[in-house]
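# Descriptive analysis of the structure
One-letter residues, chain by chain:
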Amino acid sequence: MSSKTMSSSSKPKPKPKGKVYVKKATPKQPLSTAERLRRLFTSLCAQIDGGHFGNAIKTCDKILRLEPTDTDAHQTKLFLLLQTEQYDAALSLIDNIATGGHAFERAYTLYRLQREEEAKVVLQQVKEEKGDDDRAAVHLEAQMSYRSGSYDQAVELYTQLLETAELHSEEHTDILTNLGAAQAHLDFTTTGFLHALGALPTSLTSTIQSAPPPPPPSSQPSSSRAVTMTTASSPEKDKEKDEPKKPRKSRLPPGVIPGVTPPPDPERWVKKTERSTWGGKRRKGGGGATQGNVSVDGAAATTTGATKGKGKGKKK
């Protein structure tokens, strides 16, 4: 092989002129369902740790669209709905879960929706399944007792929880707060109101039992009462009409004192030469025209002059 052949073969081929052909990128393969679920659960954990509960609920919906029977996604979404106080949505989710369960969550949701009677029935079922010593059920029962006014039962349940709570824990602090509130209400209903009545004067306490209840408030007064009120208020209205109204301070210019500052000149808007206090000589012909007025004589003279000038300019 000659040197010319070697040199020609080693040279790069010239690029074709005109259109440039770009090599198409190979399309990415779609992710499998297992890989998509793994990534969604990773995002879900990060969102819950960051406190982004609204986005976490949307991620749970994406997971349930891929895997409708995922128990972890159902449980997590229910927890998030309760944390964000979306109790209607939480109750609907509990009803739609095919596996059932979540009786305690149902009782708590009904309690927060002010449906205490239904909540009591469900809570009784929870106590039968898990026993009377279940701490979550005891907590909820104490709250329901406090709301219904059974303060003695609430104090008893909170005392039971306080005996088994871990010292210096968050639960221990919450139980002490709730126990104090229930005990304060119980003390007032048993003895507190008696001390309050004893502090009242005798003239008032002697008539409490025999005094009739106050009449219900009426929206419209009776005719006699209306006449009395009208008659009583009429002299005052007549007196107000006779008295001159004082000028409001907001309408007075700055520096003006009513009764001290002299009133403004009534002719302040009239031309100086036409005022009654003008001492100089007046012009003949009415002293000139103000702005917006036109003198008839002056207009006629001007028109005549303009006509004559125009006629002189014409060639015969």
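The rules behind each value
- Numbers given to residues run from 1 along each chain, matching the order in which its sequence is written.
- Two thresholds apply to this predicted model, a pLDDT of at least 70 for residue-level local features and 80 or more for giving and counting side-chain atom pairs, whereas whole-chain, interface and lining totals are computed over all residues.
- Side-chain descriptors were evaluated using all non-hydrogen atoms of the structure, hydrogens and water having been removed beforehand.
- Only DSSP runs of H or I reaching four residues or more are called helices, and only runs of E reaching two or more are called strands; each is numbered from the N terminus.
- For every residue, the accessible area (1.4 Å probe, protein chains only) is compared with the maximum for its type, and the residue is labelled buried under 20%, exposed over 50%, or partly exposed between those bounds.
- Contact between two residues is taken to exist if any of their heavy atoms lie within 4.5 Å; hydrogens are not considered.
- We get accessible surface area from the Shrake-Rupley algorithm with a probe of 1.4 Å; when it comes to residues, only the shown protein chains can shield them.
- Along the chain, pLDDT gives the predictor's confidence residue by residue, from 0 to 100.
- By definition here, a salt bridge exists when the distance from a side-chain nitrogen of Lys or Arg to a carboxyl oxygen of Asp or Glu is within 4 Å.
- Within this scheme, the nonpolar core is defined by two criteria: the residues are buried Ala, Val, Leu, Ile, Met, Phe, Trp, Tyr or Cys, and they are joined through side-chain atoms within 4.5 Å.
- For patch detection, residues must exceed 30% relative accessible area and be free of salt bridges, and they are connected within 9 Å for like charges or within 5 Å for nonpolar side chains (Val, Leu, Ile, Met, Phe, Trp, Tyr).
- One less than the number of residues in a helix, times 1.5 Å, gives the span that helix is expected to have.
- Angles shown run from 0 to 180 degrees and are taken between the N-to-C directions of axes, each axis being a line fitted to C-alpha atoms and, for helices, limited to the stretch in contact.
- Small angles under 35 degrees read as roughly parallel and large ones over 145 as roughly antiparallel, with 65 to 115 read as roughly perpendicular and the rest as oblique.
- Handedness of a crossing is defined here by the sense of rotation of the near helix relative to the far one, left-handed for an anticlockwise turn of less than a right angle and right-handed for a clockwise turn.
- Side-chain classes are defined by residue name, with Ala, Val, Leu, Ile, Met, Phe, Trp, Tyr, Cys and Pro counting as nonpolar, Asp, Glu, Lys and Arg as charged, and the others, Gly among them, as polar.
- Two cysteine sulfur atoms form a disulfide, by the criterion used here, when they sit within 2.5 Å.

The number of helices and strands found in the protein chain is 13 helices and 0 strands. Burial statistics for the protein chain: of 316 residues in total, 19% are counted as buried. Within the protein chain, contacts between residues separated by at least 24 positions form 36% of all contacts whose residues are at least 6 apart in sequence. Per element, the accessible surface of the protein chain, about 25,500 Å² overall, is 56% carbon and sulfur.

Now for the confidence of the model for the protein chain. When pLDDT is averaged along the protein chain, the result is 77; 68% of the residues meet or exceed 70. Contacts of residues 226-232 to residues separated by more than four positions or lying in other chains number 0 contacts, the stretch itself having pLDDT below 50. Confidence drops under a pLDDT of 50 for residues 292-314, and excluding neighbours within four residues, the segment shows 1 contact in the predicted structure.

A positive phi is found at glutamine 114, a non-glycine position, where the angle reads about 65 degrees. On the basis of relative accessible area, glutamine 114 is assigned to the exposed category, the value being 53%. One non-glycine residue with positive phi stands out, namely histidine 168, at about 60 degrees. Assignment of secondary structure puts histidine 168 in the loop between α9 (151-164) and α10 (170-198).

We now examine the pattern of salt bridges. Per the stated rule, a full pass over the model turns up 8 salt bridges. Glutamate 35 serves as the salt-bridge partner of arginine 38, at 2.6 Å between the closest nitrogen and oxygen. A residue pair is termed a helical-turn pair when its members lie 3 or 4 positions apart in one helix, as arginine 38 and glutamate 35 do in helix α2 (residues 33-50) at 3 residues. Residue arginine 38 is classed as partly exposed on the basis of its relative accessible area, which comes to 48%. Between arginine 39 and glutamate 35 there is a salt bridge whose closest N-O contact spans 3.2 Å. Within this pair, arginine 39 and its partner glutamate 35 are both found in helix α2, separated by 4 residues, close to a single helical turn. According to the relative accessible area criterion, arginine 39 is partly exposed, its value standing at 44%.

On to the nonpolar core. One finds Ile63 and Leu78 to be the most contacted residues of the largest nonpolar core, which totals 18 residues. For this core, the elements supplying multiple residues, two or more each, are α2, α3 (53-66), α4 (71-83) and α5 (87-96). Contacts of leucine 78, omitting those with residues within four sequence positions, involve Ala90, Leu93, Ile94, His102 and Glu105.

What follows concerns a nonpolar patch on the surface. On the surface, Leu194, Leu197, Leu200 and Leu204 cluster together into a nonpolar patch covering about 330 Å² of accessible area. Locating leucine 197 in the fold gives a position in helix α10. According to the relative accessible area criterion, leucine 197 is partly exposed, its value standing at 39%.

With that settled, the discussion passes to helix α8 (residues 135-148). When the terminal C-alpha atoms of α8 are compared, their 20 Å separation across 14 residues agrees well with the 20 Å that a helix rising 1.5 Å per residue should span. Every buried residue of α8 is accounted for by Ala137, Val138, His139, Leu140, Glu141, Ala142, Met144 and Ser145. Glycine 149 sits one or two positions beyond α8 and adopts a positive phi of about 90 degrees.

Turning our eyes to something else, we now look at the environment of leucine 91. Relative to the elements of secondary structure, leucine 91 occurs in helix α5. Spatially, the C-alpha atoms of leucine 91 and leucine 110 are 7.9 Å apart, while their sequence positions differ by 19 residues. Once residues within four sequence positions are removed from consideration, leucine 91 is found in contact with Arg106, Thr109, Leu110, Leu113 and Arg115.

So, on to the packing of α3 against α4. Between α3 and α4, the shortest axis-to-axis distance is 9 Å and the interhelical angle comes to 155 degrees. If you check the angle between α3 and α4, you find them roughly antiparallel. Like other packed secondary-structure pairs, α3 and α4 cross with a definite hand, here left-handed. Across the interface between the two elements, Phe53, Ala56, Ile57, Cys60, Asp61, Ile63 and Leu64 from α3 touch Ala73, His74, Thr76, Lys77, Leu80, Leu81 and Gln83 from α4. Of the residues assigned to the contact of α3 with α4, the class counts are 9 nonpolar, 3 polar and 2 charged.

Okay, the state of the cysteines next. If you walk through the whole model with that rule in mind, you get 0 disulfides. You can see cysteine 45 has no disulfide; the closest cysteine sulfur is in cysteine 60, sitting 9.8 Å from it. Relative accessible area serves as the criterion here: at 46%, cysteine 45 is assigned to the partly exposed category. Using a relative accessible area of 0% as the deciding quantity, one classes cysteine 60 as buried.

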